[in-house]
Amino acid sequence: MLIQSNATDIGARIRQIRQSKQMTQKIFSESLGIVQGFLCSIERGKKMPSDTLLIAMQYLYRINSSWLYSGTGEMYSLEKIYESGGLTRIPLLKNLAKANSGDVHEDEIIGFISLPDMPDNSFAIEYSGDFMSPTIRDGDIIVITPDRSLTPGKIVLIMGQWGEPFLRRYRSRNGEIFFTADNSAYSPFKPDSTTNVLGIVAAVWRKVNI
C-alpha cells in the first residue's frame, strides 16, 4: 500500500482522528490494540504505523483512505462507498479446514461482513488466542485475503501440520525466513514442508465501547 506522506503527516492525521472522536490516547490506543507509548510516538511523527494498523483504523472508524494516506479529500467518507454499493460480501467462517481447499459449504458460514475494495475470495474468522497480542486480540474478527506473495512484516494465516490455523508475522533476515508472534512470550519458528500459508491479514474488526 503506497503511503504518500511522511511519518509526521500521518501522525498528525491520526491525532486528528482521535481528537475528532474525543478519545484519550489511552482509550484510542486500546481500541487499536497498541500501547499508548507507541501511539504517542506515531502522533509525534517518531514512528510510522504499519499497513495493518492503518487498515484497522480505516475500517474501525470509517476513515477515507485517501485522506489517511495522503491528506486529500474528507476525513470521513467511507459512507459514500457504502452508499454506492461497492462492497465485497465476505463470509465469516467457523471452520478453516474447507478454506484451505477453497471448498466452502453453507454450513461452514456463520455470517457475512461487508467491506469495500476486497478480493472476492476473501474470508473472515474470529481470532482466538494471545499470540498476536496486543496487535490482534482474542475475539477480534480478522479478514484474510488469499494472497501468498509475502513481504516482511505482514501478518499471515498459517495452517499447521495438525490442521490448526494460527497467525504469525512473516520475517526475513539475511536470507533466512521465519515467523514470529507479536506476544514476546512465544518463540519464533522456521517454516518447514508442512507450513502452509493461506493468506495475509487485510483488516481487523474489534468491538469498542465509545
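Refer to the structure presented above.
Throughout this description, residue numbers start from 1 for each chain and increase along the sequence as written. This being a predicted model, a pLDDT of at least 70 is required before a residue's local features are given, and a value of 80 or more before pairs of side-chain atoms are given or counted; all residues contribute to the totals for chains, interfaces and linings. Think of the side-chain values as coming from all heavy atoms in the structure, minus any hydrogens and water.

Draft legend 1. Inspection of the overall build of the protein at higher detail. Scanning the protein from terminus to terminus reveals six helices and eight strands. Along its sequence from the N terminus, the protein presents helices and strands in the succession α-α-α-α-α-α-β-β-β-β-β-β-β-β. The contact criterion used is simple: two residues touch if any of their non-hydrogen atoms lie within 4.5 Å. Taking the intrachain contacts of the protein between residues at least 6 apart in sequence as the baseline, contacts between residues at least 24 apart amount to 57%. Here, Shrake-Rupley sampling with a 1.4 Å probe gives the accessible areas, and only protein chains in the shown set may cover a residue. When the accessible area of the protein is evaluated, it comes to approximately 11300 Å², of which 47% is carbon and sulfur surface. In this description a helix means any DSSP run of H or I spanning at least four residues, a strand means any run of E spanning at least two, and both kinds are numbered starting from the N terminus.

Draft legend 2. Representation of the pairing of strand β7 (residues 176-180) in the model. Paired strands, as defined in this entry, are two strands with at least two bridges between them according to DSSP. Taken together, the five bridges between strand β6 (residues 165-173) and β7 define a ladder with antiparallel strand orientation. By the bridge assignment for β7, R173 is matched with E176. Taken together, β6 and the strand that follows it, β7, pair antiparallel across an intervening segment of two residues, in which N174 is found at a positive phi of about 55°.

Draft legend 3. Here's a closer look at the packing of aromatic side chains. The rule is short: rings of Phe, Tyr and Trp, with Trp giving its six-membered ring, pair when the centres are within 6.5 Å, and they are stacked under 30 degrees, edge-to-face over 60, tilted in between. Scanning the entire structure with this criterion turns up four aromatic pairs. Grouped by ring-pair contacts, the aromatic residues F166, Y170, F179 and F189 constitute a single cluster.

Draft legend 4. Highlighting the side chain of R169. Looking at the element boundaries, R169 is found in strand β6. A relative accessible area of 9% means that R169 is categorised as buried. Polar contact is defined as a pair of N or O atoms within 3.5 Å, subject to the rule that within protein one atom must be able to donate a hydrogen and the other to accept it, and that residues adjacent in sequence are counted only when both atoms are side-chain atoms. Among the polar contacts listed, one links the side chain of R169 to the side chain of D182, at a separation of 2.6 Å. Setting aside its immediate chain neighbours within four residues, R169 contacts M132, T135, G153, K154, I155, F178, F179, T180 and D182. Classification of residues uses two cut-offs on accessible area relative to the type maximum, computed with a 1.4 Å probe and protein chains only: under 20% is buried, over 50% is exposed, and between them is partly exposed.

Draft legend 5. Local environment of the packing of helix α2 (residues 25-32) against helix α3 (residues 36-43). At a minimum axis separation of 9 Å, α2 and α3 run at an interaxial angle of 105°. Relative to α3, the element α2 lies roughly perpendicular. Within the contact between the two elements, α2 uses Q25, K26, F28 and S29 and α3 uses Q36, L39, C40 and E43. Taken together, the residues of the contact of α2 with α3 sort by class into three nonpolar, three polar and two charged. For helices, the fitted axis covers only the stretch in contact; all axes are lines through C-alpha atoms, and the angles between them, taken along N-to-C directions, range from 0 to 180 degrees. Each angle gets one of four labels, with under 35 degrees taken as roughly parallel, over 145 as roughly antiparallel, 65 to 115 as roughly perpendicular, and the rest as oblique. When residues are sorted by character, Ala, Val, Leu, Ile, Met, Phe, Trp, Tyr, Cys and Pro go into the nonpolar class, Asp, Glu, Lys and Arg into the charged class, and all the rest, Gly among them, into the polar class.

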